[in-house]
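Spelled out from the first residue to the last, the chains are:
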Amino acid sequence: MGFVYKTEEFNKVLEALESKYRIFAPVLKVGEGRFRDTDVIRYDYISRIEDAELEERSDFSFKEILMPLSETMFYFTEDEIKEADYDARPVIVLMRSCDIHAVKRLDQMYTGNGPANDWFYERLRDRVKFALIGCGKACPNSFCVDMGSNKTDEYAFSIDMIDGKVYCDVKDKEMLAAFEGAGGAKDNVEPRFVTEAEFRVERPEEVTVELFKDPMWDEYTKRCVNCGRCNFVCPTCTCFTIQDIFYTDNGRVGERRRVNASCMVDGYTDVAGGLVMRKTNGERMRFKVLHKVYDFRKRFGYDMCVGCGRCDTVCPEYISFANCINKLNARVKEVSANV
Amino acid sequence: MCNCGKNEYTPVPSKLQDIIKHTAQEWTFRFTYVGDVKPGQFFQISIPKVGECPISVSGIGPDYVDLTLRAVGKVTDYLFENFKAGDSLFLRGPYGNGFDVHEFEGGELIIVVGGTAVSPVRGVVQYLCETECAKDVHMIAGFKDPGEIMFKADLKDWAEKIDLTLTVDGAPEGYAGKVGLVTKYIPDIPIRDISKCKAIVVGPPPMIRFSMIELVKRGLSEDNVWISDSRRMSCGIGKCGHCRINDKYVCIDGPVFKFSEHKTLID
Amino acid sequence: MNKTSLDTNLKKLKKNAFRVSKVRGETASRVRCPGGEIDVDSLQRVVDIARKYGKGMVNITNRQGFEIPGIDLADVEEVNKALQLIIENRGVNQEDYNGGYPASGTRNVVACPGKQLCPFANYDTKKFAQEIDKAIFPNDHHVKIAFTGCSNDCAHTRLNDFGIIGMSEPQYNKDRCVGCEQCVKYCKKRSVGALKVVNGKIERDANKCVGCALCVNYCPTRAWTRSKEEYFRVVLLGRTGKKNPRMAEDFMRWADHDTVKKVICNVYAYLDEYLDKAAVESKEHIGYIVDRTGFEEFLKYIMKDVTPNPKCEIQGRIYWGGKRYDQGNELRQSMFRFSEREE
């Protein structure tokens, strides 16, 4: 069912939805970028649609709602282990098509890899519904079309802000009342999707063992500074590290928490005793890139990367992940031609 | 509230039944545990406020599991310094695939292990010792020096039932036992039919690499070799990502791998 | 060539921002570029003047201006007319239209590239420099002021009477911190080591922190962000020179914009009062005057009507170092001639 609203009318929709849901959306955080007077777009709760950044892609993805950067798992007192509380109120997350595809990858890792599910993920996941932000244009560095994540119909409702009007396609029956009561005009609405991209990416079908040791990765040993930004902004990276702490003012009480981890950052493979599996940044780049466009597919049947392009945009060393995939593909062809 | 079922991260209380000290740095902790466990599987020892560490099962009893560890990190150091028999600790597990002991029954088997790596194969050896084919088990166990030899009582017991070669990398003058790397003794193992012979090789990566060279020289098929691997882990249940190699997760697809498969996994 | 009678008032010439050349009959025009910034039209005009009145060469000065040498003294008036476009485009205060620069005592206000370009800058150095230039120029007192974006001090503010060093107060959001420790590493390697890890999160030693905000630059998760407020470290009375070259010393930290501006502007009343009337060319480094009046008197003047922002910390007494060549010129240790050294 489609609706067209003026901004004020759509805020009434949000108001109605807020009786049950909180709205989590990309928000422009002024002055919170890396450099003086630069901004960052990251997710936060909103009440009015004007507070959401609907034009530009967020720098950090929605995934913080499902796997917080830092999440307390347990509190420990002297003789008790207590699961940390969480906010169980339902949430609607506004996100683009690529990110909705990314949710499938998060679900795969946390609830579809191995016999046990991730309890902490599941309890956060259960309260979340997704709303689609339509895409009027391809985002910088994105290649969603080539990754097949440019379109989706898995959303509760869609939002396209065009010339000050909000176009919505509502699929979730439970939410319909909130949309009907806000005074917008009924119309046929189709969310906008990107169908063409300037930058094309071609993935390799098969990557043989020789490519793992290929000199093509050496370039990244020199260029990459292993800061891990590519992982932290990625909507499909799921790695975490568990930390235990005791509170300094009272050593008897403490907590166990997990924090987002990056396979590019030092320490990721360190084991007690001093062994490090991937020392060079080139090896780490290979590990990451092949996971995104090969290893994950080998295990689960589809590629992990959704082509949002955030990692390219955020890299302080101007390393293009997308271009690396193309280089890999060319190298795979070259190597197989020489066999 | 969510209907998420069991929280696999929740540490389960377990009473420490005993501590067996092999060397200054290598002790076996006997934890109370009742349930299905296979040799080669591992548990996360969980110490609230300190951390967790994955340790492979070195022994399985009716109401306990043995976890043998070296004091090399924050959690293990803490364990060594703060606990005694009768204390209560926490575990979660068992995790991983482990060894299928029946796989090795009724045929010739070579076992090459180094140092603490005896742990994951100890259960396999114990099982095979009680079968008719015990005499076809040829085990080479290597330690750094005589002072580092672990599971001495077991080794003595096994020596009577299987073909055991105990060796140390180096020893002071006058040492009566065998000296030399494990690879030195591989060529001498008496095998009737190498094409059907199986092998378990567990130890530090260089030991595995050089042992494999010797075994392959003898004509052993890489498809008939099992190894046990270890990686950094946080979760133990295929979520945290640390232990991934290519498309495999050591914690759920391993830690036991066929060598032919494992050699295609590149860190 | 006898284009000019050479009857020239050099005092007036110098005040008009022309330098006296060693070549008799020639002078050099000094082009003021507050904040070290110049637009292309002005730059073209510098080129045009150098081509028409000079020798086709331009000096780039240490204080971020241009100096056009080889100008005939007879052409000064014409050069001043040609400078009019630059003076207007650069927004430099003037007294007589087409009369060139009205003073040269207070030197060009220097600035590093600042936040418009530099990833490390904590404020707009050029804008602040230009604002100060507007407030203090023209003035004959010999005052050197420089603005730099962060404590790297690329603008060498510590060789100035007033050095203004940008600071941001790092804001920490522990919920966004994953404990990657890159801030700790870079603070230690490239700054002062004010950060440490406690229980997987970061603790900042607020007293040790110099406000460089490297932690903000290197944080991959936006756990560290810059304070909305821009803060400044003010360093005082550094100088080069024959007698006692020395680095400027800390006077304020975490000062705000208004405090900094007022303190700088206040120095002129002090100079009006205490400059040695017999000083050669009416020119003295301020520091030597402070030696005579005492720091308290100087403080009284520069803090007149100043209400520092609450966060601002002020140094009560300042001690300067530097070599005292008037007291001794020896090299400090084991003086020897290289050619005569022992084996």
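Note that residues are indexed from 1 along each chain, following the sequence as it is written. Here every chain gets a letter starting at A, and every ligand a number starting at 1, in the order they are written. Confidence filtering applies because this is a predicted model: local features only for residues at pLDDT of at least 70, side-chain atom pairs given and counted only at 80 or more, and all residues used for totals across whole chains, interfaces and linings.

Counting secondary structure elements, chain A contains 11 helices and 12 strands. By the compact-globule yardstick of 20 Å for 339 residues, chain A fits well, its C-alpha radius of gyration being 22 Å. Its C-alpha atoms give chain A principal-axis dimensions of about 65 × 60 × 45 Å. Neighbour density around each residue's C-beta defines its exposure: 20 or more other C-beta atoms within 10 Å make it buried, 12 or fewer make it exposed, and counts between make it partly exposed, where C-beta atoms are placed from the backbone. For chain A, the proportion of its 339 residues judged to be buried stands at 49%. Think of it this way: build a C-beta for each residue from its backbone, and any pair within 7 Å is a contact. Considering only residue pairs separated by 6 or more positions, chain A has 73% of its internal contacts joining residues 24 or more positions apart. Strands here mean DSSP runs of E at least two residues long; helices mean DSSP runs of H or I at least four residues long; both are numbered from the N terminus. The globule rule is 2.2 Å times the number of residues to the power 0.38, and the radius of gyration it is compared with is taken over C-alpha atoms.

All right, on to the overall build of chain B then. Across its full length, chain B carries 6 helices and 15 strands. For 267 residues, the compact-globule estimate of 2.2 N^0.38 gives 18 Å, and chain B sits close to it at 19 Å. With the principal axes as the frame, chain B shows a C-alpha extent of 60 × 45 × 35 Å. Here the analysis covers contacts within chain B between residues at least 6 apart in sequence; of these, 68% occur between residues at least 24 apart.

Another aspect to go through is the interface of chain A and chain C. One frequent convention defines the size of an interface as the accessible area lost when the parts assemble. Residue-level contacts link 20 residues of chain A with 24 residues of chain C. Those elements that provide at least two residues to the side of chain A that touches chain C are strand 3 (40–46), helix 8 (229–233), strand 11 (240–246) and strand 12 (254–260) of chain A. Polar here means any residue outside two lists: the nonpolar Ala, Val, Leu, Ile, Met, Phe, Trp, Tyr, Cys and Pro, and the charged Asp, Glu, Lys and Arg; Gly therefore counts as polar. In terms of residue class, the side of chain A that touches chain C is made up of 8 nonpolar, 6 polar and 6 charged.

Now for unusual backbone geometry. Residue Gly93(B) is joined to Pro94(B) through a cis peptide bond whose omega torsion reads 0 degrees. Of note, Pro94(B) is situated in strand 6 (residues 88–95). A cis amide bond, omega 5 degrees, links Gly254(B) with the succeeding residue Pro255(B). Relative to the helices and strands, Pro255(B) is located in the loop between helix 5 (250–253) and strand 15 (256–258). Positive phi is not limited to glycine here, since Asp163(A) has a value of about 50 degrees. Mapping Asp163(A) onto the fold places it in the loop between strand 8 (158–162) and strand 9 (165–169). Asp163(A) sits in the exposed class, given 4 other C-beta atoms within 10 Å. For Arg222(C), which is not a glycine, the phi torsion comes out positive at approximately 65 degrees. Tracing the backbone through its elements, the reader meets Arg222(C) in the loop between helix 6 (214–218) and strand 11 (224–226).

What follows concerns the sheet that holds strand 5 (residues 64–70) of chain B. Residues and elements named next belong to chain B. For two strands to count as paired, DSSP must find a minimum of two bridges between them. Sheet architecture is closed into a barrel: 6 strands sit in the order 1-2-5-4-3-6, paired in antiparallel fashion. On average, adjacent strands in this sheet sit at an angle of 45 degrees to one another, irrespective of strand direction. Pairing geometry for strand 1 (residues 12–21) and strand 2 (residues 26–32), over 5 bridges, is antiparallel. Pairing of lysine 21 across the sheet is with tryptophan 27, part of strand 2. Every angle, taken between N-to-C directions, lies between 0 and 180 degrees, and every axis is a line fitted to C-alpha atoms, over only the stretch in contact when it is a helix.

Residues and elements named next belong to chain A. Across the sheet, 8 strands lie side by side as 3-2-6-7-8-9-1-10; this open sheet has mixed pairing. With partners counted over all chains shown, the strands left at the sheet margins are strand 3 and strand 10 (185–186), one partner each. As judged from the 2 bridges shared by strand 1 (residues 2–6) and strand 10, these two strands associate in the antiparallel manner. When the bridges of strand 10 are listed, valine 4 appears paired with alanine 185. Sitting on the sheet, helix 1 (residues 7–17) touches strand 1, strand 2 (22–29), strand 6 (91–95) and strand 9, and the angle it makes with strand 1 is about 115 degrees. Across the sheet, helix 2 (residues 97–111) is in contact with strand 6 and strand 7 (128–133); its angle to strand 7 comes to roughly 150 degrees.

Moving on, we come to the environment of Val271(A). Structurally, the position occupied by Val271(A) is in the loop between strand 12 and helix 9 (281–300). As a C-alpha pair, Val271(A) and Glu206(A) span 65 residues in sequence and 31 Å in three-dimensional space.

All names here are of chain C. Viewed as axis vectors pointing N to C, helix 2 (residues 40–52) and helix 3 (residues 76–89) meet at an angle of 165 degrees, and their least axial separation amounts to 9 Å. Relative to helix 3, the element helix 2 is oriented roughly antiparallel. The interaxial crossing formed by helix 2 with helix 3 has left-handed handedness. Residues Asp41, Ser42, Arg45, Val46, Asp48 and Ile49 of helix 2 form the contact with helix 3, whose participating residues are Val79, Ala82, Leu85, Ile86 and Asn89. When its residues are assigned to classes, the contact of helix 2 with helix 3 shows 6 nonpolar, 2 polar and 3 charged. Throughout, the term roughly parallel applies to angles under 35 degrees, roughly antiparallel to angles over 145, roughly perpendicular to angles from 65 to 115, and oblique to all others. Helix crossings are classified by the rotation of the near helix relative to the far one: an anticlockwise turn of less than a right angle makes the crossing left-handed, while a clockwise turn makes it right-handed.

Let us look at the confidence of the model for chain B. What pLDDT reports is the predictor's confidence in each residue, on a scale of 0 through 100. When the pLDDT values of chain B are averaged, the result is 92; 99% of them are 70 or greater. Across the predicted assembly, pTM comes out at 0.93 and ipTM at 0.94.

To continue, consider the domain arrangement of chain B. Residue and element names in this part refer to chain B. A domain assignment, automatic or from a database, supplies the domain bounds used here. Split into domains, chain B comes out as domain 1 (12–95) and domain 2 (101–228). Computed from C-alpha coordinates alone, the two centres of domain 1 and domain 2 are separated by 25 Å. Across the boundary between the two partners, domain 1 contributes 12 residues, which contact 13 residues of domain 2. Counting only elements with at least two residues in the side of domain 1 that touches domain 2, the list comes to strand 4 (51–60) and strand 5. Tallying contributions element by element places strand 4 first for the side of domain 1 that touches domain 2, with 5 residues. When grouped by side-chain class, the residues that make up the side of domain 1 that touches domain 2 number 3 nonpolar, 7 polar and 2 charged.

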